[in-house]
Amino acid sequence: GAVVSQHPSWVICKSGTSVKIECRSLDFQATTMFWYRQFPKQSLMLMATSNEGSKATYEQGVEKDKFLINHASLTLSTLTVTSAHPEDSSFYICSALGSGQETQYFGPGTRLLVL
Amino acid sequence: AQSVTQPDIHITVSEGASLELRCNYSYGATPYLFWYVQSPGQGLQLLLKYFSGDTLVQGIKGFEAEFKRSQSSFNLRKPSVHWSDAAEYFCAVGPADQGGKLIFGQGTELSVKP
């Protein structure tokens, strides 16, 4: 149980394009989903917290207009990197938390490379 | 401020040797504590967690961790390391009043010598 998937697992795009990453909880309902960014050899940096049906809460320094988060259902959250630039290249990981749970379950991550 | 410190950036142990990865946290009350493992290019897998009760917790893959309140520590241990344990290990703190948000340590990279 507690499986979280991400799609795509990797994506290469041109500078200026937008990229959408999906995060799905496969066998439980995720009332809260988290989006992290991880640079090579570094820890995870929380970007935003999204609760189903409401606007995401962004961490300080994260541009909400650049990283659009939608959590329209209890099993799906999406992160859209708008007008991507090479500095947005990173490993993006989502996690999901069920109602009343204290343990986050992580997706396998999406590697984004912006050329 | 709430924080998590993993003092060892990189540890190398021989296969079959014992392992201890250190984790110290700073928080005003007893937080929820987690250890996650990440293989290269992968997401995080939960090894074990502590919420309350017995301070020695058992996890998957033969790992255990001990919560020591007096030392604000939650060190991860394994009596005999396997080559497949080579990975990045993250300690995380999840304050109970933070809506599930986690604070991660910097991570410890484990290498295993044959």
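Everything here concerns the structure above.
Keep in mind that this is a model prediction, so the values were computed, not measured. (Residues numbered from 1 in each chain as written. Chains lettered and ligands numbered in written order. Predicted model: local features only at pLDDT ≥ 70, side-chain atom pairs only at ≥ 80, totals over all residues. Heavy atoms only, no water.)

A short note on the sheet that holds strand β7 (residues 67-73) of chain A
All names here are of chain A. Taken together, 4 strands build an open sheet; the order of strands is β1-β3-β8-β7 and the sheet is antiparallel. With one partner strand each, in any of the chains shown, β1 (4-7) and β7 form the two edges of the open sheet. Shown here is a sheet whose adjacent strand axes are inclined to one another by a mean of 15 degrees, direction ignored. Sheet analysis places β1 next to strand β3 (residues 19-25), joined by 4 bridges and oriented antiparallel. Note that in β3 the partner of S5 across the bridge is R24. (Pairing = 2+ DSSP bridges. Helix = DSSP H or I, 4+ residues; strand = E, 2+ residues; numbered from the N terminus. Axes fitted to C-alpha atoms, helices over the stretch in contact; angles between N-to-C directions.)

Comments concerning the interface of chain B and chain A
Each partner contributes to the interface: chain B provides 20 residues, whereas chain A provides 21 residues. Summed over both partners, the interface of chain B with chain A comes to about 1,500 Å²; 55% of that surface belongs to carbon and sulfur atoms. Looking at the side of chain B facing chain A, the largest losses of area belong to L44(B), K101(B) and F104(B), adding up to 28% of the total buried there. Our count for the contact surface shared by chain B and chain A stands at 2 salt bridges. (Contact = heavy atoms within 4.5 Å. Buried area = accessible area lost by both parts, 1.4 Å probe. Salt bridge = Lys/Arg side-chain N within 4 Å of Asp/Glu carboxyl O.)

Digging into the environment of S111(B)
All names here are of chain B. Secondary-structure assignment places S111 in strand β12 (residues 108-113). Sequence separation between S111 and V13 is 98 residues; the distance between their C-alpha atoms is 6.5 Å. In contact with S111, not counting residues within four places along its chain, are H10, I11, T12 and V13. There is a polar contact of 2.7 Å between the side chain of S111 and the side chain of H10. (Polar contact = N/O pair within 3.5 Å; in protein donor to acceptor, adjacent residues only side chain to side chain.)

Quick notes on the pattern of salt bridges
Here the structure, examined in full by the defined rule, presents 8 salt bridges over all chains. Between D88(A) and K66(A) there is a salt bridge; the shortest N-O distance is 2.9 Å. Within this pair, whereas D88(A) is found in the loop between β8 (76-81) and β9 (90-98), its partner K66(A) is found in the loop between β6 (57-58) and β7, the two being separated by 22 residues in sequence. A relative accessible area of 12% means that K66(A) is categorised as buried. We note a salt bridge from R77(B) to E66(B), for which the minimum N-O separation is 3.3 Å. One end of the pair, R77(B), is in strand β9 (residues 73-78); the other, E66(B), is in strand β8 (residues 64-68), and 11 residues separate them in sequence. Residue R77(B) is classed as partly exposed on the basis of its relative accessible area of 23%. A single network of salt bridges, built from pairs that share partners, joins E64(B), E66(B) and R77(B). (Buried < 20%, exposed > 50% of the residue type's maximum accessible area, 1.4 Å probe, protein only.)

Topic: the packing of aromatic side chains
Within this structure, the stated rule accounts for 15 aromatic pairs over all chains. Arranged with centres 6.3 Å apart and planes meeting at 25 degrees, the rings of Y25(B) and F67(B) form a pair that is stacked. Within this pair, whereas Y25(B) is found in strand β4 (residues 24-26), its partner F67(B) is found in strand β8, the two being separated by 42 residues in sequence. Each of the two residues, Y25(B) as well as F67(B), counts as buried. Aromatic ring contacts, followed pair by pair, group Y36(A), F106(A), Y32(B), F34(B), Y36(B), F51(B), F90(B) and F104(B) into a single cluster. (Phe/Tyr/Trp six-rings, centres within 6.5 Å; stacked < 30°, edge-to-face > 60°.)

Some points on unusual backbone geometry
Residue and element names in this part refer to chain A. Each neighbour pair has its own omega, and for H7 with P8 the value is 0 degrees, a cis peptide bond. Its place among the elements puts P8 in the loop between β1 and β2 (10-13). In this structure, S83 is a non-glycine residue whose phi angle is positive, near 45 degrees. Relative to the helices and strands, S83 resides in the loop between β8 and β9.

Describing the pairing of β7(A)
All names here are of chain A. The pairing of β7 with β8 spans 5 bridges and is classified as antiparallel. Across the sheet, F67 pairs through a bridge with V81, a residue of β8. Between β7 and β8, which pair antiparallel and follow one another directly, the connecting turn spans 2 residues.

As for the state of the cysteines
Per the stated rule, a full pass over the model turns up 2 disulfides over all chains. With its sulfur 2.0 Å from that of its partner, C23(A) forms a disulfide with C94(A). Judged by the torsion about the S-S bond (80 degrees), the C23(A)/C94(A) disulfide is right-handed. You can see C23(A) sitting in strand β3 and its partner C94(A) sitting in strand β9, a full 71 residues away along the chain. Bridging C23(B) to C91(B), the disulfide has an S-S length of 1.9 Å. Between C23(B) and C91(B) the sulfur-sulfur dihedral comes to about -65 degrees; the bridge is accordingly left-handed. Pair noted here: C23(B) is in the loop between β3 (19-21) and β4 and C91(B) is in strand β10 (residues 87-94), with a separation of 68 residues, a long-range link. Under the relative-accessibility criterion, C23(B) is labelled buried at 0%. (Disulfide = S-S within 2.5 Å.)

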